[in-house]
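# Tertiary structure, described
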Amino acid sequence: MAEYIDAFATAYDRFWAPYPERMGEAWLRVHAHVAPGAERSLLDVGCGTGIVAARFAAAGYRVVGVDISAAMIAHARERLVGTDAVLLTADATDFEVPRPCAFALSTYDIVNHVGELDRVHAYLRRVHAAVTPGGWFGFDMSTIRGLNADVPPVTREDGTASVVAARGPLDGERRPLHITGELRTDDGRTTPFATTITNTAHRVADVLAALTDAGWVLSHVAAIDDLLTDVPDPEALPRVAVVAHRA
């Protein structure tokens, strides 16, 4: 099982990189806008293979990354070698940081990944405890509309890896994403892998209520392509970003 996890982390790093690369740049601009002159420190919860964290580290941020997958953290360590980044293998709802950060960030729908609303509450409270007073927080999430959308299977392949990602049927509030594929070495050996990522649908209003309950002050809800502009109807979009700060 461990090699399958490692293989999937490698495939993720190869084929899923464009979104975190784009969002890393976008969130850097957001933090510079909302907190000019703030301490450059980032807490990246659900950091994956460290793509966003590495962009912030390159911009001079002190970085703490948290991810539940040891394989993902291993890739992040390779990416962030030579920096002073602290990388922790831990659940997003239960972790401790060496010292609070001025900016917290989660990309790629961690609100949908953590599960039921009580776990979303726990995640938001834990991040709140890890951010300095006056600090900021940003995360994205798939809306109910986004998770309900019919999306055809996606196949990606290069010379050394292939991946097929297909959504299963919606089961109540949950929708699985089945990912299968294989890695190939130069001598012709293959390492197959299979994993299922379960996404839980949440009303944006419920997440915002949990955010406030956790102590955050909502700034705005934005479209992914414009993180600084409030949208009047978040549920009409497939994915949104939430920006908040700690009083």
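Use the structure listed above.
So, a few notes on the structure that sits alongside this text. (Residues numbered from 1 in each chain as written. Predicted model: local features only at pLDDT ≥ 70, side-chain atom pairs only at ≥ 80, totals over all residues. Heavy atoms only, no water.)

## Focus: the sheet that holds strand β3 (residues 86-89)
Read from one edge to the other, the open sheet built from eight strands follows the order β3-β2-β1-β4-β5-β12-β10-β11, with strand pairing classed as mixed. With partners counted over all chains shown, the strands left at the sheet margins are β3 and β11 (226-230), one partner each. Put simply, the sheet's adjacent strands are angled 25° from each other on average, direction ignored. Across seven bridges, the pairing between strand β5 (residues 131-142) and strand β12 (residues 239-246) is antiparallel. Across the sheet, the residue bridging to Ser142 is Arg239, located in β12. Contacts from helix α4 (residues 70-79) reach β2 (62-67) and β3 within the one sheet, and its direction differs from that of β3 by about 170°. (Pairing = 2+ DSSP bridges. Helix = DSSP H or I, 4+ residues; strand = E, 2+ residues; numbered from the N terminus. Axes fitted to C-alpha atoms, helices over the stretch in contact; angles between N-to-C directions. Contact = heavy atoms within 4.5 Å.)

## Examining the packing of aromatic side chains
All chains considered together, the criterion is met by 11 aromatic pairs. Summarising the aromatic geometry, the rings of Tyr19 and Tyr108 are spaced 4.6 Å apart at their centres and angled 40° between planes, so their arrangement reads as tilted. Within this pair, whereas Tyr19 is found in helix α2 (residues 18-34), its partner Tyr108 is found in the loop between β4 (101-106) and α5 (110-113), the two being separated by 89 residues in sequence. Where Phe56 meets Phe103, the ring centres are 6.1 Å apart and the plane angle is 45°; that geometry is what we call tilted. Separated by 47 residues along the polypeptide, Phe56 in helix α3 (residues 51-58) and Phe103 in strand β4 bring together distant segments of the chain. Comparing Phe56 with Phe103 shows no difference in burial state: the two are buried. (Phe/Tyr/Trp six-rings, centres within 6.5 Å; stacked < 30°, edge-to-face > 60°. Buried < 20%, exposed > 50% of the residue type's maximum accessible area, 1.4 Å probe, protein only.)

## With respect to α3
Among the residues of α3, Ile51, Val52, Ala53 and Phe56 are the ones counted as buried. Directly after α3, the chain includes Gly60, whose backbone phi takes a positive value near 95°.

## What about the sheet that holds strand β7 (residues 161-167)?
The pairing of strands in a sheet comes from backbone hydrogen bonds and takes either a parallel or an antiparallel form. An order of β6-β7-β8-β9 is seen for the four strands of this open sheet, with the pairing classed as antiparallel. With one partner strand each, in any of the chains shown, β6 (154-157) and β9 (190-200) form the two edges of the open sheet. Looking at each pair of strands side by side, their axes are set apart by 10° on average, direction ignored. As judged from the four bridges shared by β6 and β7, these two strands associate in the antiparallel manner. Across the sheet, the residue bridging to Arg156 is Val163, located in β7.

Taken by themselves, the reported measurements are silent on function.
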